[in-house]
Amino acid sequence: MEREVLERAAAAPRSKAEALQTEENAPQEEAPVPDFLAENPLGKREADILADYSSRLPSAVMAAGLLVVLAVFSWLLGFSQGDTVYGVSLLVGAAAVAAFLFFVLPVLCRRNTEKSLVYTGASVRLTVFGERLILQTVRGEEVLSQMRLRVKDLIKVAEYRGCMLVFVAKSQASILSAEGFSVGSAQAFKAYCAARGVPVK
């Protein structure tokens, strides 16, 4: 009886060791290979490009619209009434405000974008697996923010000043450079998005 108990006790460690060896020798599941992988640092240049792209058209439209409106007022309240001085003053004021909107507003937008975008040593990372897309803001291996969505749900992909802007909302985009792609390419990614109905400019 004692001999049988000792044999069982001696066999137990061998069974555990064999189980561990079996687990070690078992084939490991390989991580899926993405269709596209790109990473781009977030710095002042990237903030400037994003701010410039998002503010240039609104600034131009507002400046032109205000200039037209004030020009009409200067005619109605000044020149048509024979008050040339008042008409000229309104035109000068309109030009000053239009210049502010066209030149100063983008600078303010750029500063605001820098504050909200630029992280010390951070990068934006894009990963695409089939129809799924992951956008992350990372610092080393630390994930600061993450968004998952389908490729076809992107608002648009636009090329501007040598970079590619991936819009996940009308006023929210991630910026990537062609050199940042380690799997796939910028041109292939644009074609990939276009094939899924995403506007590409």
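Now for a look at the structure at hand. (Residues numbered from 1 in each chain as written. Predicted model: local features only at pLDDT ≥ 70, side-chain atom pairs only at ≥ 80, totals over all residues. Heavy atoms only, no water.)

1. Digging into the pairing of strand 3 (residues 132-139)
- With respect to burial, strand 3 is a largely interior element, six of its eight residues being buried.
- Between strand 2 (residues 123-129) and strand 3, which pair antiparallel and follow one another directly, the connecting turn spans two residues, one of which, Gly130, has a positive phi of 60°.
- In this sheet, strand 4 (residues 142-150) lies alongside strand 3 in antiparallel orientation, the contact comprising eight bridges. Looking at strand 4, one finds that Ile134 is bridged to Arg148.
- Counting the residues between successive antiparallel strands, the hairpin from strand 3 to strand 4 contains two residues, one of them, Gly140, with a positive phi of roughly 70°. (Buried < 20%, exposed > 50% of the residue type's maximum accessible area, 1.4 Å probe, protein only. Helix = DSSP H or I, 4+ residues; strand = E, 2+ residues; numbered from the N terminus. Pairing = 2+ DSSP bridges.)

2. Here we look at the sheet that holds strand 5 (residues 156-160)
- Strands sit in the order 5-6-7 across an open sheet of three strands; the sheet is antiparallel. Two strands bound the open sheet, and with one partner strand each, they are strand 5 and strand 7 (172-177). Taken over all neighbouring pairs, the strand axes of this sheet differ in orientation by 25° on average, direction set aside.
- Where strand 5 meets strand 6 (residues 163-169), five bridges bridge the pair, whose relative direction is antiparallel. Bridging across to strand 6, Tyr160 finds its partner in Cys163. (Axes fitted to C-alpha atoms, helices over the stretch in contact; angles between N-to-C directions.)

3. Notes on unusual backbone geometry
- A positive phi is found at Arg161, a non-glycine position, where the angle reads about 50°.
- With respect to the secondary-structure elements, Arg161 resides in the loop between strand 5 and strand 6.
- Looking at Arg161, the relative accessible area reads 47%, which means it is partly exposed.

4. Side note on the environment of Phe129
- Here Phe129 shows up in strand 2.
- When the C-alpha atoms of Phe129 and Val33 are compared, they prove to be 7.7 Å apart, with 96 residues separating the residues in sequence.

5. Observations concerning the sheet that holds strand 1 (residues 36-41)
- A sheet is described by the order of its strands in space; here five strands give the open sequence 4-3-2-1-8, paired in antiparallel fashion. Of all the strands in the sheet, the pair left with one neighbour each is strand 4 and strand 8 (181-183). Sheet twist, expressed as the mean angle between neighbouring strand axes with direction ignored, is 15°.
- For strand 2 and strand 3, the ladder comprises seven bridges, and the chain directions are antiparallel. Its bridge partner lying in strand 3, Val124 is registered against Thr137.

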